[in-house]
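# Fold and geometry: a report
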Amino acid sequence: MATFLVTSNLDNTLNDGVITLREAINAANAAGTDDVIEFAPSVGTINLGGMSLDIDDNAGDLTIRGNVQNPVIIDGSATDRVIEINNLGGGRNVTIERLTIRNGNTGGNGGGIFNNSTGTVTIIDSTISGSTAANGGGIHSQNGNVNVINSTISGNVAGFHGGGIYAPGGVVSNATITNNTAGSVGNGNGGGAYNNTGSITVRNTIIAGNIDRDGVSNPDVSGTYVDQNNNILGFSAGSLNFTNPTTRILNSASASNILRPLASNGGPTQTHALVPGSVAINGSGATAETTGQRGFAAVETRDIGAFEARAPEISVTGNSVNITSGDTTPDTADGTDFGSVALGNSTSVTRQFAIANLGSERGLSLGGNPVVIIGGADAEDFSVAVANTVAIVPNGSLPFTITFQPSDIGRKTAIISIVSNDTDENPYTFTIQGEAAIAAPTANSAPPPLPTTAGATLVAAPTEIQTLSRVLGQETFTLRNPNAAPLTISGITFGDNGNLFQALPPTTIAAGETTTFTVQLANDILPGSYDTTVTIPNPPGDPLTFNLPATVSLPTASGVAPIFEAKLPSNTPIWTNGDDVLMGANIDGDGRQWLNGGPGNDQIFGNLERDVLTGGTGDDSIFGGKGDDWIRGGEGNDVLAGDLGDDTLIGGLGSDRFIIGVGRGSDEILDFTDGVDGFLLEPTLTFEQLTLEASGNSTQIKFGNELLVTVIGVERSLLDAADFAALA
């Protein structure tokens, strides 16, 4: 395949160092291959000098392709037809793409293009206009098919048949055929399209606003057609085939209610833009082209015809200042911050806003009901007034107002949402806010009455406390004060297991604000369920009450399920066989526990005071509880935690893990082996928060200034992040 580049606007065959279109066609005729002719960006309008451009049909297929950036126009200068495809017996297919072919004039057939061959002529993204001939003012093909895709046929004239197109067959897809004229008094048919033999398939196409001068009134079509789907015709007289229920017959000689005049609307060729609200908008059906003649992709459903209207563009302004979609920072400059409104005087503040359609081709459809929707935490304190408009025309706008009239004091916020067919800002949202305050008394007047007082409201209740034995459990709840004065919350009580729970000290909630409280579960209790009921005194309202489930579980570091549980009095040594769970009793005073798990995978829990805890053989988990404990893992892969107090830990034989936490005292580890043993960090604690410092031949592990662990006999250089892991 050969490609020829046209570099000149001239029409000659001189050997002058440039290539004209006529020279490129002659070269393609001689090449005998499938060829492409393209145009340099400098080429614009080519005015022919009185002779048509002749394409021989005995070579390969030929494509003549214009530029996207710079329009290429081939002008016949009204002295001859523009393009003629000669019949030399080859049946060459010719494609015209992104070109304007205009002002052809001949007493014969085909003013714009005359196809005298059996090959197919295909017109893509092009406009054929202002040409005159006996038959086929725009295009005439006696034997070869004509395909018109995403193209405009407009303003052409035939003395007899087919003002726009005269063809035996082909496909017309997403084309606009309008303002063409056929015939004279008593002669001719088909101002838009004329089919002489066979049939032409038509889909998603406008054929309307054409003229038939012979008095029979077949202005738009004449002949046999396949009405595939979703066409718009001015009149169907002249053909019995346009019966598809998706096709619309206007029964009108004018197309001004759907099309604008031929004009430069962007893209490489002139087009007929769609009028706002045209029935062609979003009207295409099956097998529609994906782009329009100008190269723009379909916005929603492809429009009928060659023209695809560009997307609308929504904009919202307040005080003539643009408000960005998604804005969450209200501002007085654009009216989204309503400022302060005094309660007690029935006052309100109203702001002016506008929705604009900055698009020039497609209406902005508004899909909300109402058009402007108010949502968010304090939506009831705002109201909107807007016309119930379905769409905003191109370059049009719709004003609306928002009024802020709060019901109680405090900062009020809401979210504005506007649903539309904008392609990248749907919905269009922004935040508004206002402040409600008590009105100050004026001179010689009594102060305004305060709003009716009420108790606090529960904004968010806790769900469940889930924690491990020896780990503090807590949950939060949030209260809101709806009053015009501060509200004090005190005396929170608990039902069952109430002695194990505590709440933060009494708290004052500022007028109109919210405050979060914390409920804590004691960390020195045995595993089990400790559900309770929380009651909050709430004058002058009724008390607020809610259930709070709480569960304390055994630590799962060793993966051992409880089999035996022993609760032991003070100073009672015990040694057991098997997989045991040993728990010391809560005994004040000396309260020392002497627990030895013996053989087996044990879980051992000390309690108050100084305990002596030994795992024995097996993979044990040992927790010291309160007091300064002495803990030895024994033989096996053990997990050791000193818990509260300054504890001494010895892992013994095996790969042991030592639990480290904050606020639990300063422990000593006597037999840590790097690469064998390791550390487990309690939740919320990470290695990056720790400081490792040398202390002689030992290493101190700190959290800020708090000494957590001293690792005896292990130099600082031996410890790094690989020795630490999170406690599961």
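Of the regular secondary structure elements, the protein holds one helix and 71 strands. Split into buried and exposed, the 728 residues of the protein put 50% on the buried side. Long-range pairs, those at least 24 residues apart, make up 59% of the contacts in the protein between residues at least 6 apart in sequence.

Residues of helix α1 (residues 21-31) that are buried include every one of L21, R22, E23, A24, I25, A28 and N29, and no others. Backbone geometry just after α1 places G32 at a positive phi near 70°.

On to the confidence of the model for the protein, then. Averaged over all residues, the pLDDT of the protein is 87; the fraction at 70 or higher stands at 90%. Counted against residues more than four places away or in other chains, residues 441-452, with its pLDDT under 50, gives twelve contacts. Scored below 50 in pLDDT, residues 556-572 shows 46 contacts in the model against residues more than four places distant or in partner chains.

Tracing the backbone shows G642 in the loop between β63 (639-641) and β64 (648-650). When the C-alpha positions of G642 and G661 are compared, they lie 9.3 Å apart, and in sequence the two are 19 residues distant. With near-sequence residues (within four places) excluded, G642 lies in contact with G624, G625, D629, I631, D647, L649 and D667.

Turning to the sheet that holds strand β35 (residues 349-357), a few remarks are in order. The strand order across the open sheet formed by five strands is β33-β32-β35-β40-β38, and the pairing between neighbours is antiparallel. Looking at strand neighbours, the two that pair on one side only are β33 (321-323) and β38 (382-386), the edges of this open sheet. Between one strand axis and the next, the sheet turns through 30° on average, direction left out of account.

Further remarks concern the sheet that holds strand β23 (residues 200-203). For sheets, the rule is that strands pair by backbone hydrogen bonds, running either parallel or antiparallel. Read from one edge to the other, the open sheet built from nine strands follows the order β1-β2-β5-β8-β11-β15-β19-β23-β27, with strand pairing classed as parallel. Each edge of the open sheet is held by one strand with a lone partner, namely β1 (2-6) and β27 (225-229). On average, each strand axis in the sheet is tilted by 15° relative to the strand beside it, whichever way the strands run.

Before going further, it helps to examine the packing of aromatic side chains. As enumerated under the stated definition, the model contains twelve aromatic pairs in all. Relative to F382, the ring of F338 lies with its centre 5.7 Å away and its plane at 65°, an arrangement referred to as edge-to-face. Linking F338 in strand β34 (residues 337-343) with F382 in strand β38, this pair joins segments that are 44 residues apart in sequence. Judged by relative accessible area, F338 falls into the buried class, the value being 2%. On the numbers, 5.0 Å between centres and 45° between planes, the contact of F687 with F724 is tilted. Residue F687 is located in the loop between β67 (678-681) and β68 (690-695), and its partner F724 is located in strand β71 (residues 724-726); the two are separated by 37 residues in the primary sequence. F724 sits in the buried class, given a relative accessible area of 10%. One aromatic cluster is present, formed by F658, F672, F679, F687 and F724 through successive ring pairs.

This part takes up the nonpolar core. The biggest cluster of nonpolar side chains holds 46 residues, and the ones touching the most others in it are L21, I37, F39, I64, I83 and I96. Sort the elements by how many residues they give to this core and α1 lands first, with four residues. Contact partners of I96, with chain neighbours within four places excluded, come to I64, I83, I101, I113, T122, I123, I124 and S126. In terms of nonpolar packing, the next biggest core, distinct from the first, is built from 26 residues, V316, I323, I392 and I432 among them.

Here is what the cut-offs are and how they apply
Residues numbered from 1 in each chain as written. Predicted model: local features only at pLDDT ≥ 70, side-chain atom pairs only at ≥ 80, totals over all residues. Heavy atoms only, no water. Helix = DSSP H or I, 4+ residues; strand = E, 2+ residues; numbered from the N terminus. Buried < 20%, exposed > 50% of the residue type's maximum accessible area, 1.4 Å probe, protein only. Contact = heavy atoms within 4.5 Å. pLDDT = per-residue confidence, 0-100. Pairing = 2+ DSSP bridges. Axes fitted to C-alpha atoms, helices over the stretch in contact; angles between N-to-C directions. Phe/Tyr/Trp six-rings, centres within 6.5 Å; stacked < 30°, edge-to-face > 60°. Core = buried A, V, L, I, M, F, W, Y, C linked by side-chain atoms within 4.5 Å.

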